[in-house]
Amino acid sequence: MLQAGALTAGAGALTAALRAGGSSASAAPASSPRRAMSDFHGTHQNAALGSPLPAAIFTSFNLTVTDRAGLTELLHTLTDRLRALTSGGIPTPVGVTTTDGTGILGPDTPTNALESILALGSGVFTDRFGLGAAKPRGLRPMDTFPNDQLDPAWCGGDLLLTVQSHDRDIVTNALREICRSTRGAMQIRWKQDAFSAPPRPSGAPRNLLGFKDGIAGPDTSNNAQLSRLVWAGAGEPAWATGGSYYVVRRIRMLVEFWDRVSTSEQERIFGRRKDSGAPLSGGAETTAPDYTNDPKGDAIPLDSHIRMANPRTPQTADSQFLRRSYSYDAGVDSVGNLDMGLMFGAFNNDLDRQFVAVQKRLANEPLADYITPVGGGYFFALPGVRNSRDFYGSALLA
Amino acid sequence: MLPRKICALAAALAGVTTLSACSGHGNSGAAPQAARLPAVQASRSHCGEGWTSAQAGVIRLNVRNTDVNAAEVYLADTSGKLYGEIDPLGPNATAVLTAQLSAGSYHLRCSVNDGDPVDGPTVKVTGTGRGTQGVEPVSSADLVPAVIGYQKWVRSRLTTLQTQTDALVRRLRAGDRAAAQAAWKTANHTWHTMGAAYGAFGATGDAIDGDAHGLALGVKDPGWTGLLRIEYGLWHGESPSSLGKLGTALRTDLSKLAGQLQTTQFQPLDVVKRAHEISEDTLQQTLTGNHDYGAHVQLDEALAELEGTTQVLSALRPLLAPRYAGLTRVDALITKSTKDIHAQPDWQAPASGRAPSTGHAVVDADIAQLTELLAPVPTRLEPRVA
Ligand code: HEM
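Residues numbered from 1 in each chain as written. Chains lettered and ligands numbered in written order. Predicted model: local features only at pLDDT ≥ 70, side-chain atom pairs only at ≥ 80, totals over all residues. Heavy atoms only, no water.

1. Some remarks on the overall build of chain A
Looking only at helices and strands, one finds eight helices and ten strands in chain A. Its C-alpha atoms give chain A a radius of gyration of 21 Å, near enough to 21 Å, the size a compact globule of 398 residues would have. The principal-axis extents of the C-alpha atoms in chain A amount to approximately 70 × 45 × 45 Å. Evaluated residue by residue, chain A yields a buried proportion of 59% over its 398 residues. Across chain A, contacts joining residues at least 24 apart in sequence account for 77% of those joining residues at least 6 apart. (Helix = DSSP H or I, 4+ residues; strand = E, 2+ residues; numbered from the N terminus. Rg over C-alpha atoms; globule rule 2.2 N^0.38 Å. Buried < 20%, exposed > 50% of the residue type's maximum accessible area, 1.4 Å probe, protein only. Contact = heavy atoms within 4.5 Å.)

2. Quick notes on the overall build of chain B
Tallying secondary structure elements over chain B gives eleven helices and ten strands in all. Here chain B holds 386 residues, and the buried ones make up 52% of them. In chain B, 70% of the contacts between residues at least 6 apart in sequence involve partners at least 24 apart. Surface summary for chain B: the accessible area is close to 16,000 Å², and the carbon and sulfur share equals 53%. (Areas by Shrake-Rupley, 256 points an atom, 1.4 Å probe, with all protein chains shown as cover.)

3. Observations regarding the site of the ligand
All names here are of chain A. Gly214, Ile215, His305, Arg312 and Arg323 are the nearest of the 26 residues found near the ligand. Separating an oxygen atom of the ligand from a backbone N or O atom of Gly214 is a distance of 2.6 Å. Here Arg312 contributes a side-chain N or O atom positioned 2.7 Å from an oxygen atom of the ligand. For the shell around the ligand, the secondary-structure elements that each account for two or more residues are strand E6 (244-253), helix H7 (305-309), strand E9 (338-348) and helix H8 (352-361). Taken together, the residues of the shell around the ligand break down into 16 nonpolar, five polar and five charged. (Near = heavy atom within 4 Å. Polar contact = N/O pair within 3.5 Å; in protein donor to acceptor, adjacent residues only side chain to side chain. Nonpolar A, V, L, I, M, F, W, Y, C, P; charged D, E, K, R; others polar.)

4. Here we look at helix H4 (residues 202-209) of chain B
Residues and elements named next belong to chain B. By the burial criterion, the buried members of H4 are Thr204, Gly205, Ile208 and Asp209. In a view along the axis of H4, the buried residues occupy a sector of 110°, so they form one face of it. Of the residues in H4, the exposed ones pointing more than 90 degrees away from the buried face are Ala203 and Asp206. Check the buried side of H4 and you find it contacts helix H3 (177-193), helix H5 (227-234) and helix H6 (244-263). (Arc of directions from axis to C-beta.)

5. A word on the packing of aromatic side chains
Residues and elements named next belong to chain A. For the coordinates displayed, the defined rule picks out 26 aromatic pairs over all chains. The interplanar angle of 70° and the centroid separation of 5.8 Å between the aromatic rings of Trp258 and Phe270 together place this pair among those described as edge-to-face. Of the two residues, Trp258 sits in helix H5 (residues 255-258) while Phe270 sits in helix H6 (residues 263-270), which places them twelve residues apart along the sequence. For Trp258, a relative accessible area of 0% translates into the label buried. Among the residues examined, Phe270 registers a relative accessible area of 9% and is labelled buried. A connected cluster of aromatic rings, assembled from ring pairs, spans Phe145, Phe321, Phe344, Phe355 and Tyr378. Here the basic side chain of Arg250 rests over the ring of Trp154, its NZ or CZ set 3.6 Å away from the ring centre. Here Arg250 stacks its cationic end above the ring of Tyr328, 4.5 Å away from the centre of that ring. (Phe/Tyr/Trp six-rings, centres within 6.5 Å; stacked < 30°, edge-to-face > 60°. Lys NZ or Arg CZ within 6 Å of the ring centre and 35° of its normal.)

6. Some remarks on the packing of helix H7 (residues 268-286) of chain B against helix H10 (residues 358-374) of chain B
Residues and elements named next belong to chain B. At a minimum axis separation of 9 Å, H7 and H10 run at an interaxial angle of 155°. The angle between H7 and H10 places the two elements in the roughly antiparallel class. For the pair H7 and H10, the sense of crossing is left-handed. Residue-level inspection shows Ala275, His276, Ser279, Glu280, Thr282 and Leu283 of H7 in contact with H10, the latter providing Asp364, Ile367, Ala368, Leu370, Thr371 and Leu374. When grouped by side-chain class, the residues that make up the contact of H7 with H10 number six nonpolar, four polar and two charged. (Axes fitted to C-alpha atoms, helices over the stretch in contact; angles between N-to-C directions. Parallel < 35°, antiparallel > 145°, perpendicular 65-115°, else oblique. Left-handed = near helix turned anticlockwise from the far one by under 90°.)

7. Examining the domain arrangement of chain B
Interface extent is often summarised as the accessible area lost during association of the parts. The domains assigned to chain B are domain 1 (27-126) and domain 2 (140-381). Using C-alpha coordinates to define each centre, domain 1 of chain B is positioned 41 Å away from domain 2 of chain B. (Domains from an automatic or database assignment.)

8. Some details on the coordination of the iron atom of the ligand
In this structure, the iron atom of the ligand receives exactly one donor atom from the protein: His305(A) (NE2), at 2.0 Å. Here His305(A) is to be found in helix H7. (Donors = N, O, S within 2.8 Å, 3.2 Å for Na, K, Ca; no water.)

9. Notes on the side chain of Thr190(B)
All names here are of chain B. Along the chain, the position of Thr190 falls in helix H3. For Thr190, a relative accessible area of 3% translates into the label buried. A distance of 2.6 Å separates polar atoms of two side chains, one belonging to Thr190 and the other to Gln164. Those residues in contact with Thr190, other than ones at most four positions away along the chain, are Arg157, Thr160, Leu161 and Gln164.

10. Examining unusual backbone geometry
A cis geometry characterises the amide bond from Arg200(A) onward to Pro201(A), with omega recorded as -5°. The amide bond that connects Asp87(B) to the next residue, Pro88(B), takes the cis arrangement and shows omega of 5°. In this model, Asn113(B) sits at a positive phi of 55°, which is unusual for a non-glycine residue. Topologically, Asn113(B) is positioned in the loop between strand E8 (104-112) and strand E9 (118-119).

11. Observations regarding the state of the cysteines
Residues and elements named next belong to chain B. Scanning the model with the defined rule gives one disulfide over all chains in all. Paired by a disulfide, Cys47 and Cys110 hold their sulfur atoms 2.0 Å apart. Here the disulfide of Cys47 and Cys110 is right-handed, its torsion about the S-S bond being about 85°. Pair noted here: Cys47 is in the loop between strand E2 (39-42) and strand E3 (53-55) and Cys110 is in strand E8, with a separation of 63 residues, a long-range link. Taken individually, Cys47 and Cys110 each receive the classification buried, so the pair is uniform in this respect. (Disulfide = S-S within 2.5 Å.)

12. Regarding the environment of Ala302(B)
For Ala302(B), the location among the structural elements is in helix H8 (residues 298-320). With 17 residues separating them in the primary sequence, Ala302(B) and Gln285(B) have C-alpha atoms 10.0 Å apart.

13. Focus on the sheet that holds strand E4 (residues 57-65) of chain B
Residues and elements named next belong to chain B. The three strands are arranged E2-E4-E7 in an open sheet whose pairing can be described as mixed. Lying at the two open borders of the sheet, with one neighbouring strand each, are E2 and strand E7 (94-101). Direction aside, the axes of adjacent strands within the sheet are offset by 40° on average. Across eight bridges, the pairing between E4 and E7 is antiparallel. (Pairing = 2+ DSSP bridges.)

14. Re the packing of H8(B) against helix H9 (residues 327-342) of chain B
How two helices sit against one another is set out by the angle between their axes and by the gap between those axes. Residue and element names in this part refer to chain B. Relative orientation of the contacting elements H8 and H9 amounts to 165°, with a least axis distance of 11 Å. As judged from the angle between their axes, H8 and H9 are roughly antiparallel. Handedness of the H8/H9 crossing: left-handed. Contacts from Leu299, Ala302, Leu303, Leu306, Thr309, Thr310, Leu313, Arg317 and Leu320 of H8 reach H9 at Leu327, Val330, Asp331, Ile334, Ser337, Thr338, Ile341 and His342.

15. What about the pairing of strand E8 (residues 326-332) of chain A?
Residues and elements named next belong to chain A. Relative to E9, E8 is paired through five bridges, and the arrangement is antiparallel. Looking at the pairing, Tyr328 lines up with Gly341 of E9. Between E8 and E9, which pair antiparallel and follow one another directly, the connecting turn spans five residues, one of which, Gly336, has a positive phi of 85°.

16. Concerning the pattern of salt bridges
Per the stated rule, a full pass over the model turns up 32 salt bridges over all chains. In this structure, Arg249(A) engages Asp148(A) in a salt bridge whose closest nitrogen and oxygen atoms are separated by 2.9 Å. Separated by 101 residues along the polypeptide, Arg249(A) in strand E6 and Asp148(A) in the loop between strand E3 (114-120) and strand E4 (159-165) bring together distant segments of the chain. The residue Asp119(B) makes a salt bridge to Arg109(B) at a minimum N-O spacing of 2.6 Å. Taken together, the residues Asp119(B) in strand E9 and Arg109(B) in strand E8 connect sequence positions ten residues apart. One network of salt bridges, with partners in common, ties together Arg81(A), Glu177(A), Arg180(A), Arg183(A) and Glu372(B). (Salt bridge = Lys/Arg side-chain N within 4 Å of Asp/Glu carboxyl O.)

And the structure:
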């Protein structure tokens, strides 16, 4: 079956199982076992597939290296450091040669506690690196969509690093060590700490609007779906096979406003029940919404978020993509409202056929009154580091 | 030799931009419990007792000071190079000494109460594991010529600055804003070559270049004096002649500093630390615009600070060059930074919360990388009784 995610109970169960660390899909308690961490090495950056973890940091960098040798060296360093940070263990004693690592993970650091996703922005694919012709077909600076209020300081960047873990100190340590070893080669452009809540009480984690988020989507255990909807391939430069268009959007939620809206209106806005996550057409969280018997939107409004995003028609089936979003909480604005929202993440086989098409369908949806996209970018998650001798971008720079 | 394969790889590829002396991670599996580490003594009479053998790779010793005085404990090879240290270790205290050793002969060195160090028994380390690079220790006495040479240079800069300040005071008195601003810039540049970072010149230094951040009344605080106060006045419409008094006070404070530099010698450890602290200051105070009170001369200050770092390094070079291969990368980066700064058309510190301009990011990256490359200077040259 080509249809993904919540269309089949089986796929939903698999998604839930991945979230709950392989245990039963139903009613995972808040203290459910930690899900398994993906391997650092592989054809793909496997971390893209894993469900969101409690702690993440999205960091966008500007490259300050100016030539191909510098870029190659940077990608080697990033590979070496992320590989070492992922495997953990006792940091190599430096004797008196230099200063030690951060130490925030103690003398013996956790093993396989970190996942990372490394992606490049379109600015890298220029002649200064001899990469003008190597650009993934659709990669470009992020488009501005009708409901956006983009702040340039929160947009773009040459390199995006997402690190995620069960524990906040692991990602903080990773970012500090990464920055430390790449100081002269890249500079942070923007950075957002993010988190994913535990299941309340079960299933997908809730976002800051109180709705379960991350229910529907491709089945990450189905390779046919992944190669159609997530990993890049046909039509791309050969080196890019196995990578993925990675869209990140920093979307502010107007939470004070939202909390003054009735639950039934909120549910009509999304098309799902707030308590259970079930589609308004009935069933449970993992039940597929049923639009076939609801042409006028009596059960699930035609302009609800899920129905506009995915009308579940044969024509729109290949616009689905893998969502991997986090919540963020970033302080207070000038009128005393909280600045919090969603670090929306999406992995796509084809940027325009998927994310861009869906975002255009969502233009002026009722939800738009309660959210404001303020930043983000289009990136290309590199193919995976295959083994201990490989490095990020080896095919690109070959 | 760099610590581990991954570091060696990074080093092989390292140019100016990435730090190669990285701390990698050993795939050591579970850490041995402190209880199961060799229990080793540190004292004048039993230094190193309890450590008898080791496999090459990461070594951890549970060292206890069994003397009645505080000790510094080092792990050294037969040539005296150091691979690890605990400094200090109080009487009766215990701490873990961690090092990474390749095959060879090593021993513990115990320096109790800063007395002559005592060597423990030789331990043969066997196996094929890789080791960290050892560093030949430096004593306070070794550093004296560098300290004297550097201090002499600072004194000569101060003499220049005093002359420049006289000119500044004259122009303030004359009420000529443009001329006073120019004279201020000249004096300010000289001051920024002098390595005044991190309280290097104590309270006198604060009187000379203190900022308004910690003052109760901020920029309006009557207790605020010095170069930054004069800058604020000159670029915020205060009449130059009204700033004359501040110019005179500056002159007095500089004389006071000159007196101090005649009578007190810099501490060797301070000079060693200054090698990286000056560029730390460039990052934190200069490039951020934190110390910009109107003149917008951050780039000029950054250049002056690079000059200051260069001077510290040239004083330390005879000791540093044989101990730090990265020094050539430091030199190259100072050259590159200088070039990159000269290439900036104009300068705007980013507004708080804003991303810096492209040119700003390039200079920020240069100086940030420089601080990383200079961090090993104090760890290698810190004066030790070893
Ligand atoms: C703050 C902004 C957003 C919020 C709060 C939000 C929330 C939600 C929620 C609660 C669901 C239903 C549960 C689920 O299936 O995961 C959902 C589904 C979905 N959202 Fe969003 N979303 C946001 C932005 C976006 C954006 C920017 C896009 C794409 C351009 C998008 C695309 C989708 C898609 C494709 C689905 C699944 C629809 C389906 O297959 O049934 N969302 N979203």
